[in-house]
Amino acid sequence: MKLTRKQMGASLMRNEDDLVADIVEYLAEMRPQVVQAYPPGYFIALIRESVRLGARHNMTDVEHMRVFVDLRWQVSAGWFREPAIAEVLLRPGLSPERRFAILTGPDYDEI
């Protein structure tokens, strides 16, 4: 039996502590300067808040949750509040893949 990445990440999505730990590890690899800039307990609290925000914005798999959280440092802490972006993130029926495909398209280059 072969598992997809989404299936392998499903257990992380069900356990917030494990998901937070995964994202901290991901950010430590991708953006070590960000991780080092905060006291560990505070950084974990920021990640936990970001995970909860991601869940409210329909991030349902690990890969897209990582991107959602990472964009809070890469772009802006409130990037998802931009009305045009929020509309896509909250639009019913779109998968996380489709949401990010739309948001990385040419219509959103200037937002």
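Residues numbered from 1 in each chain as written. Predicted model: local features only at pLDDT ≥ 70, side-chain atom pairs only at ≥ 80, totals over all residues. Heavy atoms only, no water.

(A) Structural view of the overall build of the chain. Across its full length, the chain holds seven helices and zero strands. Each helix and strand of the chain, ordered N terminal to C terminal, gives the series α-α-α-α-α-α-α. Against the compact-globule benchmark of 13 Å for 111 residues, the chain has a radius of gyration of 14 Å, which places it among compact chains. Counting only C-alpha atoms and orienting by the principal axes, one finds that the chain spans roughly 40 × 35 × 20 Å. Taking all 111 residues of the chain together, 39% fall into the buried category. Summarising the internal contacts of the chain: among those between residues at least 6 apart in sequence, 55% fall at separations of at least 24. In the chain, which carries 14 positive and 16 negative side-chain charges, the distance between the mean positions of the two groups comes to 4 Å. (Helix = DSSP H or I, 4+ residues; strand = E, 2+ residues; numbered from the N terminus. Rg over C-alpha atoms; globule rule 2.2 N^0.38 Å. Buried < 20%, exposed > 50% of the residue type's maximum accessible area, 1.4 Å probe, protein only. Contact = heavy atoms within 4.5 Å. Lys, Arg positive; Asp, Glu negative; His and termini not counted. Charge placed at Lys NZ, Arg CZ, Asp CG, Glu CD.)

(B) Structural view of the packing of aromatic side chains. Tallied over the entire structure, the rule returns seven aromatic pairs. Where Phe 43 meets Trp 73, the ring centres are 5.6 Å apart and the plane angle is 45 degrees; that geometry is what we call tilted. Here the residue Phe 43 occupies a position in helix 4 (residues 40–56), and Trp 73 occupies one in helix 5 (residues 62–74), the gap between them amounting to 30 residues. Accessibility expressed as a relative area gives 2% for Phe 43, which makes it buried. Feature note: the residues Tyr 38, Tyr 42, Phe 43 and Trp 73 constitute an aromatic cluster, connected by ring pairs. (Phe/Tyr/Trp six-rings, centres within 6.5 Å; stacked < 30°, edge-to-face > 60°.)

(C) Main features of the side chain of Ser 50. Along the chain, Ser 50 turns up in helix 4. The class of Ser 50 is buried, set by a relative accessible area of 1%. With residues up to four places along the chain from it excluded, the contact list for Ser 50 reads Met 65, Phe 68, Val 69 and Arg 72.

(D) Expanded view of the packing of helix 5 against helix 7 (residues 96–103). Between helix 5 and helix 7, the shortest axis-to-axis distance is 10 Å and the interhelical angle comes to 40 degrees. By the angle between their axes, helix 5 is oblique relative to helix 7. Residue-level contacts link His 64, Val 67, Phe 68 and Leu 71 of helix 5 to Pro 96, Glu 97 and Phe 100 of helix 7. The class makeup of the residues in the contact of helix 5 with helix 7 is five nonpolar, one polar and one charged. (Axes fitted to C-alpha atoms, helices over the stretch in contact; angles between N-to-C directions. Parallel < 35°, antiparallel > 145°, perpendicular 65-115°, else oblique. Nonpolar A, V, L, I, M, F, W, Y, C, P; charged D, E, K, R; others polar.)

(E) Broad picture of helix 4. Relative to the 24 Å expected for 17 residues at 1.5 Å per residue, helix 4 spans 25 Å between its end C-alpha atoms, a close match to the ideal helical length. Among all positions in helix 4, only Phe 43, Leu 46, Ile 47, Ser 50, Val 51, Leu 53 and Gly 54 are buried. Summarising the axial view, the buried residues of helix 4 lie within an arc of 165 degrees, below the 170-degree limit, and thus occupy one face. The outward face of helix 4, more than 90 degrees from its buried face, is lined by the exposed residues Gly 41 and Arg 56. Remark: Asn 58 follows helix 4 within two positions and exhibits a positive phi of approximately 65 degrees. (Expected span 1.5 Å × (residues − 1). Arc of directions from axis to C-beta.)

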